[in-house]
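Each chain, written out:
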Amino acid sequence: SLEDDKAVHEQMDCWCKTGEREKTQAIEEGEQKERELEAFLGEALAKMQELKAKRDAALEEVNRDEAAMEQASTLRMKENKEFHADEVNLIEAVQACDQAITVLKEYNPKPGFVQEAARKLAAAGVVELSRARFGARAVAYGAVLRNFLAQAKGPGGAFLAVPGMQSYAPQSGQVFGVLEQMKEDFEKDLAESQEREKRAAEDYEALKAAKKEEISTGRKLVADLDQEIATLKEKHAEAFKELEDTKAQLKIDRTFLATLEKKCAVTDDEFAKRVKDRTAEIAAVEDTIAILNTDTAFDNFDTTVNGVALLQTVAVESAKQKERLGRAAAALERGAALTGAPALSLLATRARLDAFTKVKEEIDKMVTELGKQQEDEVAHRDWCVDELNKNNRSTEKAYDEKASLQAKIADLEKTIDQLSTDINATTTAVADMQEQMKRASEIREAENADYQQTVTDNRLTQIILGKAHDRMSQVYAMIQEAPKAGAPHIATSGNHTDPGNGPARFTKYEQHTGGSRVVSMLETVMADSQKMEDEAHRSEQDSQAAYENFMKDSNKSLRQYSETLVSLAEAKAAADASLAMTKEDLKSTFTELEGLNSALGDLKKSCDFVLKNFGARQEARAAEIEALREAKAILSGMASE
């Protein structure tokens, strides 16, 4: 009826509007989320590139600082070596000058002492050192000093061979003055050189501390940036996965909305057509009733369809109709008893009461409906079987995917744990290496300080012992020659009252023997001191070379550790991102399994009864249809068989 059509249309209209409103809102929210995720992905990518550039710049700065510190260390070591070489030369020059001055102070120096002093001046390279350090001023020094050294090389000293030392005094005074001035200049240069070395060492220590602080800060910045990049990569991966899911859901929602709009449009068109058809049908019935209710129609019916013959015919037909209706009702009652269908019992009752035509119409209508139910039930059964099979396959696939994802997550977590362990171990190794380098530097500084102190102490010892040796030699050195008997003296002639000095005089022998042992002991101690100084030089060179090699190897190891840390951090970031995506996939798989399980529950509610009772229902409905057809055949005048 039209009212029934309107009720159906109202329900469909409510369903269409509700679905359209909900899906439209879901699509708008999905599109907004899609724009937000795309914006975030773009910003995250730009931020990662910015952080990567900062990290590369920070790492490059760290490498430059390390190279600068290594270069500064090499330069400092070179300067220190040059300083020590220069210091040795200056100290030797000062010692040589001091020894020569000590010898020349004597009124009548021994030729051997002068020659020894000249030899030490020559060995110390005083002339060359003076020329290299004092420039033009050293020209005058050099001339006097070279003349002194040349004369001192002669037998017994050429300028000492003059009787009465008459030619020596002015020359000795000039040499003495030059040596005094040169010693003063050398000592001044030595003090200035030591002061410069002290300042250079302090500047180097300050630079090293600053560079170490910069390197430590730079490495921390690189580590922080690596962690920030890894976190951002993980968020980027999660957002990318979420964007893919959002796009997939949007596609589903848009398809759903398009299908809904199409179905709703068809429903609207169908309702409009049904309203139009029913309106035309009602109008036709109304027109028919109006035609049949006119006075002309009634007057005409009285003369055309009313009469005795008509009544007799109607009576005969009525008796036959009642017989057929009874037989049809009996067939329907048998069918109702067989199938238990209440509709057949109701129809049997109506067959006894209603008009013949109405019963046949009802039978045709029920047969059509039952046939449609049969077809719908078969289609529903096929749909249930297909959907249950699809659900089963999808569930098995989802469980396989779940197991695969769980295994992948376990592998990734194990990989991340191993990478974290490797990162911690490498970081610890870097810290240990830096601590070893720090200790090596401290030990090297302490060794160098000990070396300088040892050299200084031995040189001072040698200076002191040299002065003592020179002074003792002035008295006891002649013992090494072949002296005449007695002490040296001047023989004089006698006179009539005084016989004069004899050819010789006695002296104490013990004095020369003890002095000789002292001189020998001083020479032994000086030789031991020089040997200790030489050993200190060799030890310093060996220690410095070992320290330089250790620092070079350590810096190389630090660079390798830094590269390893970068590789490990990148691998961990990739593993973290993959783990996040895999967890999202697992979450989606769980959601899919929940959906499949829910769908299976709905399928069972819809299909279990049909599948369980399909055969019985089909047989019962077929029997019902057969009973209806038999009843119709009876009503149509056919044999009940």
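Residues numbered from 1 in each chain as written. Predicted model: local features only at pLDDT ≥ 70, side-chain atom pairs only at ≥ 80, totals over all residues. Heavy atoms only, no water.

Observations concerning the confidence of the model for the protein chain
Stage number 1. Taken as a whole, the protein chain shows an average pLDDT of 75; of its residues, 72% reach a score of 70 or greater.
Stage number 2. Of all secondary-structure elements in the protein chain, the lowest mean pLDDT belongs to helix α7 (residues 308-339), at 52, while helix α1 (residues 2-105) reaches the highest, 84.
Stage number 3. Long-range and interchain partners of residues 352-356, a stretch whose pLDDT sits below 50, account for eleven contacts in this model, where long-range means more than four residues apart. (pLDDT = per-residue confidence, 0-100. Helix = DSSP H or I, 4+ residues; strand = E, 2+ residues; numbered from the N terminus. Contact = heavy atoms within 4.5 Å.)

Observations regarding the nonpolar core
Stage number 1. The biggest cluster of nonpolar side chains holds 28 residues, and the ones touching the most others in it are L121, V126, L145, F148, L179 and F186.
Stage number 2. Contributions of two or more residues to this core are made by α1, α2 (111-123), α3 (126-134), α4 (137-152) and α5 (168-292).
Stage number 3. Here this core takes ten residues from α1, the largest share from any one element.
Stage number 4. If sequence neighbours within four positions are ignored, L179 has contacts with C97, A100, I101, L104, L121 and L145.
Stage number 5. Counting residues in each nonpolar core, the second largest holds ten residues, with L405, A575, L579 and L586 among its members. (Core = buried A, V, L, I, M, F, W, Y, C linked by side-chain atoms within 4.5 Å. Buried < 20%, exposed > 50% of the residue type's maximum accessible area, 1.4 Å probe, protein only.)

With respect to the state of the cysteines
Stage number 1. All told, the structure shown has two disulfides when counted by the stated rule.
Stage number 2. For C16, the disulfide goes to C264, at an S-S distance of 1.7 Å. On the sign convention where negative means left-handed, the S-S torsion of about -105° between C16 and C264 marks this disulfide as left-handed. Linking C16 in helix α1 with C264 in helix α5, this pair joins segments that are 248 residues apart in sequence. The two residues C16 and C264 agree in class, both being buried.
Stage number 3. When the cysteines engaged in disulfides are numbered in sequence order, the protein chain pairs them as 1-2, 3-4.
Stage number 4. C14 carries a free sulfur, and the closest cysteine sulfur to it, the one in C16, is 9.3 Å from it. (Disulfide = S-S within 2.5 Å.)

Looking at the environment of L121
Stage number 1. Tracing the backbone shows L121 in helix α2.
Stage number 2. A relative accessible area of 1% places L121 in the buried class.
Stage number 3. Along the sequence, L121 and Q99 sit 22 residues apart, while their C-alpha atoms lie 8.9 Å from each other.
Stage number 4. For L121, the residues in contact, after removing those within four places along its chain, are A96, C97, A100, V126, L145, F148, L149 and L179.

Concerning the environment of R621
Stage number 1. Here R621 lies in helix α10 (residues 509-635).
Stage number 2. On the basis of relative accessible area, R621 is assigned to the buried category, the value being 8%.
Stage number 3. For the pair R621 and G371, spaced 250 residues apart in the sequence, the C-alpha separation amounts to 8.3 Å.
Stage number 4. Leave out the neighbours within four places in its chain, and R621 touches L370, Q373, Q374 and E377.

Thoughts on the packing of aromatic side chains
Stage number 1. Tallying each qualifying case throughout the model produces zero aromatic pairs.
Stage number 2. The positively charged end of K23 is found above the aromatic ring belonging to F256, 4.9 Å away from the centroid.
Stage number 3. One Lys or Arg, R381, reaches over the ring of F614 and ends 4.3 Å from the middle of that ring. (Phe/Tyr/Trp six-rings, centres within 6.5 Å; stacked < 30°, edge-to-face > 60°. Lys NZ or Arg CZ within 6 Å of the ring centre and 35° of its normal.)

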